[in-house]
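Structure at a glance
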Amino acid sequence: MTTGSPDYRDSGLAFPDDFLFGSATASYQIEGAATEDGRGPSIWDTFSHTPGKVWNGDTGDVADDHYHRWESDLDLMVELGLEAYRFSIAWPRIQPTGRGPANEAGLAFYERLVDGLIERGIKPIATLYHWDLPQALEDEGGWANRATAEAFADYARILGERLGDRIAVWTTLNEPWCSAYLGYGSGAHAPGLMDGAKALAAVHHLNLAHGLAVAALRDVVPGDPKFSITLNLHVIRPSGPTGAEAARRIDGLANRVFLSPLLEGEYPADVIADTADVTDWAFVRPGDTELIRQPLDVLGVNYYSTVTVRMWDGESPKVNADGHKDMGGTAWPGSESVEFLEQPGPYTAMGWNIDPSGLEDLLVALHEAYPTLPLMVTENGAAFDDVVTDEADGPAVHDVERTDYLRRHFTAAHRAMARGVDLRGYQVWSLMDNFEWGYGYSKRFGIVRVDYETLERLPKDSARWYAELIRTRRIPA
């Protein structure tokens, strides 16, 4: 049993010398240069340019202009002392239509980026897919189409052949839950569909894409890199007499439908039963689960908040506080009868509750279920409404809430490690303010502020706090 502050505001806790501190971004959220050097359109280009889909009509056309400012951004990482950088590669930069020969200019950009990281002593953690599917593949059915998984393996092979000797950790997918359920079920994310059967087909084809990609990478990548996937596993709190049934259903759709095939080689029978009225799961072919279950070196864990659930009584107004934009569809096919209750505060600017105990609980539960599997926090952070103040030595952002959020969640991670969890690192989300998907530029997650008019970068107090944590390997006061 660990001890410490009940509110997780500990300081002085020490992390091991080999613990990997870094930060994370995603290609469409920061790169810009949407039509340069042969890049093809992605589903997020199409979605963000569709009126009504993104707040304020914002798009990723320019974003943080990282495509042109990558060198100074890498220098900023050095200034903060980052030991790792988790970035994603834009599939439509490598294959503009998702198939065919590689676009040399796109490959060259990521080669420069990776070489620049290595020259600065920063470990590259590459995510192959962070939601920007080539639009041409979506036109053929997207992740509801098995052929997309096969195309993804070819894409992975191209990158493995070109960058395989330089990537420390290969992550296949970021949060396939979001890609499948928000993209094809709820309509909140690109491509904006609202079809439960397609959402569940997308779940399987994303799982299959992971397995095929790891196999392709292993064929061509030299040395001993790590292979990984990042999941946004849900921490589910049951409420009342029907809470256990509601939690079982949501755990199945959110967590076990990924963990079970990836790590155990099968889909949960109760999930198939729960969704029988939505799909017959005929898209799962013999041998698929064997292809999906590839050995993993580390499991990426993204954590932001918790959910509290019970079964809806069918009469009172239904509460659906699951933390995602309501566009009319459902992210929970077959379990629309589950009610997501309002969480106790405090909240971030996203309306998500702040509960560091959820991170500790999640890491410990994963370790108990899969004791030999190393873990890494691949995203954790918070959006707040930052204020720029004019100081004697220049502008500043005193983001006390974000710094406090990070302090409490690093404490939670440390407590999990004290309970035996093999946690290898922590990648703070996000390095910079950026395009926050359906919310456009209205939500700021960065530890570095971006002025969207001038594109100037300004490290916030949270960045200085994090730099001190990395330098001393102890949680600062």
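Residues numbered from 1 in each chain as written. Predicted model: local features only at pLDDT ≥ 70, side-chain atom pairs only at ≥ 80, totals over all residues. Heavy atoms only, no water.

1. Points about the pairing of strand β4 (residues 169-174)
- Here β4 lies mainly inside the structure; 6 of its 6 residues are buried.
- Pairing of strand β3 (residues 123-129) with β4, which is carried by 4 bridges, proceeds in the parallel orientation. Bridge pairing in β4 links Ala126 to Trp170.
- Here 4 bridges tie β4 to strand β5 (residues 226-231), and the two strands are oriented parallel to one another. Bridging from a neighbouring strand, Thr171 pairs with Ser228 of β5. (Buried < 20%, exposed > 50% of the residue type's maximum accessible area, 1.4 Å probe, protein only. Helix = DSSP H or I, 4+ residues; strand = E, 2+ residues; numbered from the N terminus. Pairing = 2+ DSSP bridges.)

2. Observations concerning the sheet that holds strand β6 (residues 235-238)
- Pairing within the open sheet is mixed, and its 3 strands lie in the order β6-β8-β9. Every interior strand has two partners, whereas the edge strands, β6 and β9 (338-340), have only one. The sheet shows a mean angle of 40° between the axes of neighbouring strands, taken without regard to direction. (Axes fitted to C-alpha atoms, helices over the stretch in contact; angles between N-to-C directions.)

3. As for the packing of aromatic side chains
- What the rule picks out here adds up to 39 aromatic pairs.
- Taking the centre distance of 6.3 Å and the plane angle of 75° together, the rings of Phe21 and Tyr466 count as edge-to-face. Linking Phe21 in strand β1 (residues 20-24) with Tyr466 in helix α15 (residues 461-472), this pair joins segments that are 445 residues apart in sequence. The residues Phe21 and Tyr466 share a single accessibility class, namely buried.
- Their ring planes at 45° and their centres at 5.2 Å tell us that Trp177 and Trp332 sit as a pair that is tilted. On the criterion of sequence distance, the pair formed by Trp177 in helix α8 (residues 176-186) and Trp332 in the loop between β8 (306-311) and β9 is long-range, its members being 155 residues apart.
- On the accessibility criterion, Trp177 (0% relative accessible area) is buried.
- Chaining the aromatic ring pairs together yields one cluster made of Tyr28, Trp44, Phe47, Trp131, Phe435, Trp437, Tyr441 and Tyr452.
- The ring of Tyr8 carries the charged tip of Arg415 above its face, separated from the ring centre by 4.1 Å. (Phe/Tyr/Trp six-rings, centres within 6.5 Å; stacked < 30°, edge-to-face > 60°. Lys NZ or Arg CZ within 6 Å of the ring centre and 35° of its normal.)

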